[in-house]
Amino acid sequence: MTMEASNTRWLDYAPAPESTSILHLKKSYGLFIDGDFVAGSGRSFTTISPADEHSIAEIASADAGDVDRAVAAARKAYNSTWSKLGGADRGKYLYRIARLVQERARELAVAESLDNGKPIKESRDVDVPLVAAWFFYYAGWADKLEHAGLGPNPRALGVAAQVIPWNFPLLMLAWKIAPALAAGNTVVIKPAETTPLSALIFAEILQQADLPNGVVNIITGAGETGSLLVNHPDVNKVAFTGSTAVGRAIAKSTAGTGKKLTLELGGKAANIVFDDAPIDQAIEGIVNGIFFNQGHVCCAGSRLLVQENIETEVVDRLKERLVTLRMGDPLDKNTDIGAINSRAQLDRIRALSDIGEEEGATRWSAPCEIPAKGFWFAPTIFTGVETSHRIAREEIFGPVLSVLTFRTPAEAIAKANNTPYGLSAGIWSDKGSKVLAVADKLRAGVIWANTFNKFDPSSPFGGYKESGYGREGGRHGLAAYLTNAVLQSGANK
Ligand code: NAP
Ligand code: MG
């Protein structure tokens, strides 16, 4: 499955698959409610490996009664235990969870790559270490809420309903659960239907950590379960990460209910490369920006804005780089590009790419063999893209880069901001003053300079416009789970 330029021979690597023997998977998983795995009353479903479509396990589905039970367990735990514990004690649990994640890191990474299709070197070196970092970071805040610059008397909200997507299953779970617990809330969380596995192993970690029953409840199921959860009358907070369409529906249904809401939605980030940029680093940054995690990244640099006079050089070098990427078995330690998470997502990527060609853009895909089974899409670049093209406006959420050009910084800024989204952006230039001047005019929540896709628990993350509102990470992420929280610098400017 190694990609090869037609006229270049690359040394082939021997297969180096990570063993799955570290997993102790059950044939079927129940819902994790009140500290125990229990049967679900909805219709169970199978989670599969997107790399070869084999079944991994049978997963329970929560119906309305199960959602009620989970919310009731969270409410009881909030009233009887969690709200009575001091911050230092909450912190101890969070530290314990962080250490257990580290202890079981390999197992979690293998499970994540198996269920999601992402390369093991990413789940091993990025996802799982960040999960531990998120719990360590928020553990440190649990007993210092009064000193977080959020006002004199921040208080927990109560029960948090959380719904997460499939692209970073365990990391999104950590982004949701760690600040919620640190701030003193209890949680009911629903992972995505295609990637429940790591959340269910995490439930075992909560048991190992002796977290009081009901503080975290993990209910699996489809979108219907998510809808029942966020619309449950006894939740005080809703935190959703996913598509803008579902986010909009949740904003409507929670309006006027008194529930505090955080939405982390889609993006169509501009990655702006000026002609004075360090080109070698920029090429790596463009590749990391859009091909990391098969492009299933809300903040992916999916629109490359390159200064016109260096377009040919940048595109040629990008193509040279892409033919060296290795696509294949997500569990192989040499794999750079794994599988697309689901058939539905693959269909969406194919459809939008076909539209790109129909609208007149030029498509180039890295030459590679597509395995017979599973869901795969070769890294693809579109040149000749106009701002009016759908591939320049809509989130593809796959390994597809749209290349546009600009002549002046003002044109780059105008094109970058010409989107309904506003989650992230990248700027590549040798001149710090230019970077700062441009960054100041971009309407995006996160802006990277001479790098891309860098995440840190102390740094707030979130969007403008249709990318959502509220922030995760840092003190801002705590504020989302507290009442009376007043941020010194506005989170939603
Ligand atoms: P999605 O369809 O909105 O699903 C996200 C989650 O919501 C899943 O758990 C899903 O369940 C559930 N869900 C579906 N319909 C629902 C409803 N009516 N009410 C409540 N929950 C519902 O999004 P996706 O396509 O899986 O995920 C990709 C999207 O997430 C992209 O647009 C991406 O940009 C965005 N994203 C944003 C961030 C961020 O931080 N801004 C991070 C990651 C991803 P099922 O899995 O069963 O459908
Ligand atoms: Mg799966």
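Note that the structure is predicted; figures quoted are calculated from it, not measured.

Asker: How do you make sense of the overall build of the protein when you look at a structure like this?
Answerer: For the protein, the count of helices and strands is 15 helices and 20 strands. Taking 2.2 N^0.38 as the reference for a compact globule, 493 residues should give roughly 23 Å; the C-alpha atoms of the protein span a radius of gyration of 22 Å, in line with that estimate. Judged by the C-alpha coordinates and their principal axes, the protein covers about 65 × 50 × 35 Å. Counting across all 493 residues of the protein, residues that qualify as buried make up 54%.

Asker: Explain the environment of Pro15 to me, please; I cannot follow it from the model alone.
Answerer: One can find Pro15 in the segment before strand 1 (28-29). Judged by the 13 C-beta atoms lying within 10 Å of it, Pro15 is partly exposed. For Pro15 and Asp329, which are 314 residues apart along the polypeptide, the C-alpha to C-alpha distance reads 9.1 Å.

Asker: Would you explain the environment of Pro330 in this entry?
Answerer: Among the structural elements, Pro330 can be located in the loop between helix 10 (311-322) and helix 11 (343-358). Placed 136 residues apart in sequence, Pro330 and Thr194 show a C-alpha to C-alpha distance of 16 Å. The residues contacting Pro330, other than those within four sequence positions of it, are Ala51, Ser113, Gly117, Lys118, Pro119, Ile120, Thr335, Gly338 and Ala339.

Asker: Help me understand the sheet that holds strand 1 in this model?
Answerer: Pairing between the strands of a sheet comes from backbone hydrogen bonds, and it takes one of two forms, parallel or antiparallel. In space, the three strands of this open sheet follow the order 1-5-4, with mixed pairing throughout. Here the strands that pair on one side only, and so sit at the sheet edges, are strand 1 and strand 4 (45-48). As paired strands, strand 1 and strand 5 (residues 55-59) are joined by two bridges and run parallel to one another. Bridge pairing in strand 5 links Ser28 to Glu58.

Asker: Mind showing me how you'd approach the site of ligand 1 here?
Answerer: The local shell around ligand 1 holds 28 residues, among which Glu193, Gly223, Gly226, Gly242 and Cys298 are the closest. Listed by contribution, the elements that provide at least two residues to the shell around ligand 1 are helix 7 (223-230) and helix 8 (244-254). At four residues, helix 7 tops the list of elements feeding residues into the shell around ligand 1. Classifying every residue of the shell around ligand 1 by side-chain character gives 14 nonpolar, ten polar and four charged.

Asker: Even after reading the chapter, I still don't get the packing of helix 9 (residues 279-291) against helix 10, so can you show me in this structure?
Answerer: Think of two packed helices as two axes; the pair is described by the angle between the axes and how far apart they sit. Viewed as axis vectors pointing N to C, helix 9 and helix 10 meet at an angle of 60°, and their least axial separation amounts to 10 Å. The angle between the axes of helix 9 and helix 10 places the two elements in the oblique class. Note on packing geometry: the crossing formed by helix 9 with helix 10 is right-handed. For the pair formed by helix 9 and helix 10, the contact residues are Ile283, Ile286 and Val287 on the first element and Arg317, Leu318 and Arg321 on the second. Tallied by class, the residues present in the contact of helix 9 with helix 10 amount to four nonpolar, no polar and two charged.

Criteria and thresholds
- Residues numbered from 1 in each chain as written.
- Chains lettered and ligands numbered in written order.
- Predicted model: local features only at pLDDT ≥ 70, side-chain atom pairs only at ≥ 80, totals over all residues.
- Helix = DSSP H or I, 4+ residues; strand = E, 2+ residues; numbered from the N terminus.
- Rg over C-alpha atoms; globule rule 2.2 N^0.38 Å.
- Buried ≥ 20, exposed ≤ 12 C-beta atoms within 10 Å, placed from the backbone.
- Contact = placed C-beta atoms within 7 Å.
- Pairing = 2+ DSSP bridges.
- Near = placed C-beta within 6 Å.
- Nonpolar A, V, L, I, M, F, W, Y, C, P; charged D, E, K, R; others polar.
- Axes fitted to C-alpha atoms, helices over the stretch in contact; angles between N-to-C directions.
- Parallel < 35°, antiparallel > 145°, perpendicular 65-115°, else oblique.
- Left-handed = near helix turned anticlockwise from the far one by under 90°.

By themselves, these figures tell us nothing about what the structure is for.
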